Amino acid sequence: MDRSENNKYEYKGSLSAADTDIPVTEPDRQYFFMDKVKKLTEKRVQELGRPLTFHVTTFGCQMNARDSEKLRGILLKCGYTESESEDADLVLYNTCTVRENADNKVFGRLGVLHGYKKKNKEMMIGLCGCMAQESQVVEKLRKSYPFVDIIFGTHNVYMLAEILYERLSEHRKIIDVREKADGIVENLPLERKYSFKSGINIMFGCNNFCSYCIVPYVRGRERSREPEAIVCEIKKLVADGVKEVMLLGQNVNSYGKTLDHPVSFADLLRMVNEIDGLERIRFMTSHPKDLSDDLIDAMAECDKVCNHLHLPLQSGSDRLLADMNRHYTKEKYLSIVDKIRNKIPDIALTTDIIVGYPGETDEDFEETMDVVNRVRYDSAFTFIYSKRSGTPAARRDDQVPEDVVKARFDRLLTTVRSIGEEKAKALTGKTLPVLVEEVNRQDPSLVTGRLTNNSVVHLKGDKSLIGQILDVHLDECSGFYYYGTPVR
Ligand code: SAH
Ligand code: SF4
Ligand code: F3S
């Protein structure tokens, strides 16, 4: 892949002019810079007589979590040692801007990092991810957070080594944020958080422009990876011990439409289902407008696809759904739910709901409550509408008063929780496979895992069970999770 210059800010490109050995194609170019940085790091480690440490802190969604694995992979190749703490020599904040409180959290925590930096002359602070794609954020960082050394966006995560090399060799603040992606760079190093499960990007960006949402502005247009590249990556992961994959995209149901040889998401699921040794397939997120009957068939057919569908509702009001640019109605949504439950009766359904979208009336909100009561979700993420500048909804002057939103939100949450608890109880007494994920944080005599429907199960055991799939008798349900006993 050739790099074209499309940066919004102040990338100088001085390196390419000075050094003719630099490969122009990716990922070779980045491996070249990883090597360069590694030499600088090794020299500094010798001088200091201690390792140079890094920490990547991730905010936001699974996409960011996956990007952070790429960042960690690159930093390890650059000779840095990972640290559990943010009191490290290089700290990267991989940020989210989907709601205002996500931004506020980052600005607050940057202050804490500044404290560490005052004590450690070596320390570099970097900010990347979705917040960095917003020009007002970059301006604010430039003016009020001068101690941030590097800023880069969502489209050039893969360039971390090159950006670091520039910073280390030129000793100036580097801001390299691009308006759009050059293409998809494959085969970069990557350090997984879990040995037994992994996210896989199947597509990037979003074309939907839901009226409240900032994601299309910070993640760019929809781009799908070739199915062969996805299958090949998963096969490698499986060979490396991965049992569960989560196929990631903002709207996986429109996967493959932009490829030269279009492939549907349903067909991709079928291909992934064929991979020997893979046990579980999850995916996120499914937009109701593009959910095809063929996908429902594929989910029912493919034995590895987990018994769970996350299907964001956002609102139950047709008026608001139209205004939100969601392209479905309440009836259409409910009919999809019926179809799915006809084919896969015990599937767990979860959703996202926004409360307090501009102009939301009591009647609109009752429509949302009606869907919640009819669908009976296993769980739901409920969000208070947050105004994101640059989105159409932010320009409206009929924002809902805070106290009204709060009262609606509390009512919704109470209903969602009580339905969730009732539904969870239904599996008590059954024996089902659990993929053990970690030692329980509160009680180290327990390990915690998940059913294919994503419910959490605690059972007696130690870390040797991590990554194993065990048949577990669900003895007791406590709120949203189970206590179980392995059956041998
Ligand atoms: N692509 C996914 C959602 C990604 S963002 C989809 O379309 O379903 C995750 C969730 O954040 C959204 O489903 C929505 O419920 C919520 N969200 C997005 N923008 C928001 C905003 N401005 N205020 C409150 N919640 C928002
Ligand atoms: Fe945002 Fe809508 Fe795209 Fe989801 S589909 S990321 S809510 S614009
Ligand atoms: Fe947040 Fe960016 Fe994901 S805005 S939700 S981290 S795509």
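Rules used throughout
Residues numbered from 1 in each chain as written. Chains lettered and ligands numbered in written order. Predicted model: local features only at pLDDT ≥ 70, side-chain atom pairs only at ≥ 80, totals over all residues. Heavy atoms only, no water. UniProt positions renumbered as here; feature names shortened; annotations may be inferred. Helix = DSSP H or I, 4+ residues; strand = E, 2+ residues; numbered from the N terminus. Rg over C-alpha atoms; globule rule 2.2 N^0.38 Å. Contact = heavy atoms within 4.5 Å. Pairing = 2+ DSSP bridges. Axes fitted to C-alpha atoms, helices over the stretch in contact; angles between N-to-C directions. Near = heavy atom within 4 Å. Nonpolar A, V, L, I, M, F, W, Y, C, P; charged D, E, K, R; others polar. Patch = residues over 30% accessible without salt bridge, like charges linked within 9 Å, V, L, I, M, F, W, Y side chains within 5 Å. Areas by Shrake-Rupley, 256 points an atom, 1.4 Å probe, with all protein chains shown as cover. Salt bridge = Lys/Arg side-chain N within 4 Å of Asp/Glu carboxyl O. Domains from an automatic or database assignment. Buried < 20%, exposed > 50% of the residue type's maximum accessible area, 1.4 Å probe, protein only. Arc of directions from axis to C-beta. Expected span 1.5 Å × (residues − 1). Polar contact = N/O pair within 3.5 Å; in protein donor to acceptor, adjacent residues only side chain to side chain. Right-handed = clockwise from strand over helix to strand, strands pointing away. Phe/Tyr/Trp six-rings, centres within 6.5 Å; stacked < 30°, edge-to-face > 60°.

The name given to the protein chain in an unreviewed UniProt entry is tRNA-2-methylthio-N(6)-dimethylallyladenosine synthase, and the organism recorded there is Candidatus Weimeria bifida. Turning to the protein chain, the UniProt annotation filed under Catalytic activity (unreviewed entry) states: "N(6)-dimethylallyladenosine(37) in tRNA + (sulfur carrier)-SH + AH2 + 2 S-adenosyl-L-methionine = 2-methylsulfanyl-N(6)-dimethylallyladenosine(37) in tRNA + (sulfur carrier)-H + 5'-deoxyadenosine + L-methionine + A + S-adenosyl-L-homocysteine + 2 H(+)".

*Asks:* Teacher, can you tell me more about the overall build of the protein chain here?
*Replies:* Summing up its helical and strand segments, the protein chain has 14 helices and 19 strands in all. A globule of 488 residues ought to have a C-alpha radius of gyration of about 23 Å, and the protein chain, at 23 Å, matches this closely. Nonlocal contacts in the protein chain, meaning residues at least 24 apart in sequence, comprise 74% of its contacts between residues at least 6 apart.

*Asks:* I tried to follow the sheet that holds strand β6 (residues 174-176) on my own but got confused; where do I start?
*Replies:* Within a beta sheet, neighbouring strands are joined by backbone hydrogen bonds and run either parallel or antiparallel to one another. With parallel pairing, six strands are arranged side by side in an open sheet as β2-β1-β3-β4-β5-β6. Two strands in the sheet have a free side with no partner beyond their single neighbour: β2 (81-82) and β6. Two strands pair when backbone bridges link them, and strand β5 (residues 150-152) and β6 are joined in this way by three bridges, in the parallel orientation. Looking across to β6, one finds that I150 is bridged to I174. Against the sheet, helix α6 (residues 160-170) engages β3 (90-95), β4 (124-129), β5 and β6, with an angle of about 150° to β5.

*Asks:* Looking at this model, I keep getting lost on the site of ligand 3. Mind explaining?
*Replies:* In the vicinity of ligand 3, the residues found are C61, N64, C96, T97, V98, C130, R219 and Q250. Residue composition of the shell around ligand 3, by class: four nonpolar, three polar and one charged.

*Asks:* Looking at this structure, how should I read a nonpolar patch on the surface?
*Replies:* Together, F480, Y481 and Y483 give the surface a local cluster of nonpolar side chains, amounting to about 250 Å² of exposed area. Structurally, the position occupied by F480 is in the loop between β18 (469-478) and β19 (481-486).

*Asks:* Hey, could you run me through the domain arrangement of the protein chain in this one?
*Replies:* Think of interface size as the accessible area that goes away when the parts come together; that is how it is often given. In terms of domains, the protein chain is made up of domain 1 (4-174), domain 2 (193-305), domain 3 (318-425) and domain 4 (428-484). Each of domain 1 and domain 4 was reduced to a C-alpha centroid, and the two centroids are 37 Å apart.

*Asks:* Which parts of the structure should I look at to understand helix α5 (residues 135-144)?
*Replies:* Structurally, the α-helix is built with 3.6 residues per turn, so residues lying three or four positions apart point the same way. Along α5, the residues classified as buried are V137, V138 and L141. For α5, the angular spread of buried residues about the axis comes to 100°, placing them on one side.

*Asks:* How should helix α2 (residues 28-48) be read in this particular structure?
*Replies:* In this model α2 runs 30 Å from its N-terminal to its C-terminal C-alpha over 21 residues, within 8% of the 30 Å that 1.5 Å per residue would give. Buried residues of α2: R29, Q30, F32, F33, M34, V37 and T41, and no others. In the stretch just after α2, G49 is the one whose phi turns positive, near 70°.

*Asks:* What should I look at first to understand the sheet that holds strand β10 (residues 244-248) in this one?
*Replies:* Taking strand neighbours across the sheet as the criterion, the three strands line up as β7-β10-β11 in an open arrangement whose pairing is parallel. Whereas interior strands pair on both sides, the edge strands pair on one side only; in this sheet they are β7 (197-201) and β11 (280-284). Sheet twist, expressed as the mean angle between neighbouring strand axes with direction ignored, is 25°. Most of the contacts of helix α9 (residues 265-273) go to β11, to which it runs at about 155°, and overall it touches β10 and β11.

*Asks:* How should I be thinking about the site of ligand 1 in this particular structure?
*Replies:* The environment of ligand 1 is formed by 15 residues, the closest being Q250, P312, Q314, D352 and S386. Between Q250 and ligand 1, the recorded distance is 2.8 Å, taken from a backbone N or O atom to a nitrogen atom. For ligand 1, the protein covers 90% of the area, taking 540 Å² as the surface of the free molecule. Of all the secondary structure elements, the ones that give two or more residues to the shell around ligand 1 are β13 (348-355) and β14 (379-384).

*Asks:* Could you clarify how one ought to interpret the UniProt feature "domain: MTTase N-terminal" (unreviewed entry) in the protein chain in this entry?
*Replies:* UniProt marks residues 52-169 with the feature "domain: MTTase N-terminal" (unreviewed entry), using the numbering shown here. Counted over residues 52-169, helix gives 47% and strand 19%. Its end C-alpha atoms are 17 Å apart.

*Asks:* I tried to follow the pairing of β13 on my own but got confused; where do I start?
*Replies:* Remember that side chains alternate between the two faces of the sheet whenever the strand is regular. Counting buried residues in β13 gives eight out of eight residues, a clear majority hidden from the surface. Going residue by residue along β13, you find A348, T350, D352 and I354 tucked away on one face and L349, T351, I353 and V355 tucked away on the opposite face as well. Examined bridge by bridge, β13 and β14 share six bridges and lie parallel to one another. In the strand pairing of β14, T350 is matched with S379. Considered for its hand, the β-α-β crossover made up of β13, helix α13 (residues 362-375) and β14 is right-handed.

*Asks:* Is there a simple way to explain the packing of aromatic side chains in this structure?
*Replies:* Note on aromatic pairs: each is described by the distance of the centres and the angle between the planes. Counted according to the given criterion, the structure contains twelve aromatic pairs. Seen in terms of ring centroids, F33 and Y165 are 5.7 Å apart; in terms of plane orientation they differ by 45°. Their pairing is tilted. Pair noted here: F33 is in helix α2 and Y165 is in helix α6, with a separation of 132 residues, a long-range link. Look at Y165 and you get buried, because its relative accessible area is 17%. Where F265 meets F283, the ring centres are 5.1 Å apart and the plane angle is 75°; that geometry is what we call edge-to-face. One end of the pair, F265, is in helix α9; the other, F283, is in strand β11, with 18 residues separating them in the sequence. F265 gets classed as buried once you look at its relative accessible area, which sits at 3%.

*Asks:* Whenever I open this one, the pattern of salt bridges confuses me. Can you help?
*Replies:* In a structure, side chains of opposite charge can pair up when their charged atoms sit close to one another. Taken as a whole, this structure holds 48 salt bridges when the rule is applied. Across the salt bridge formed by D290 and K289, the nearest N and O atoms sit 2.8 Å from each other. Judged by its relative accessible area of 18%, D290 falls in the buried class. Because the salt bridges share partners, they merge into one network encompassing R66, E69, E186, R225 and E233.

*Asks:* Explain the pairing of strand β17 (residues 456-460) to me, please; I cannot follow it from the model alone.
*Replies:* Alignment of strand β16 (residues 446-450) against β17, held across five bridges, turns out to be antiparallel. Bridged to V447 within β17 is L459. Counted between consecutive antiparallel strands, the loop separating β16 from β17 contains five residues, among which N454 sits at a positive phi close to 80°.

*Asks:* I keep staring at the UniProt feature "domain: Radical SAM core" (unreviewed entry) in the protein chain and nothing clicks. Help me out?
*Replies:* In the UniProt entry, the feature "domain: Radical SAM core" (unreviewed entry) is given for residues 192-422. Along residues 192-422 the backbone is 39% helical and 16% strand, and the end-to-end C-alpha distance reaches 35 Å.

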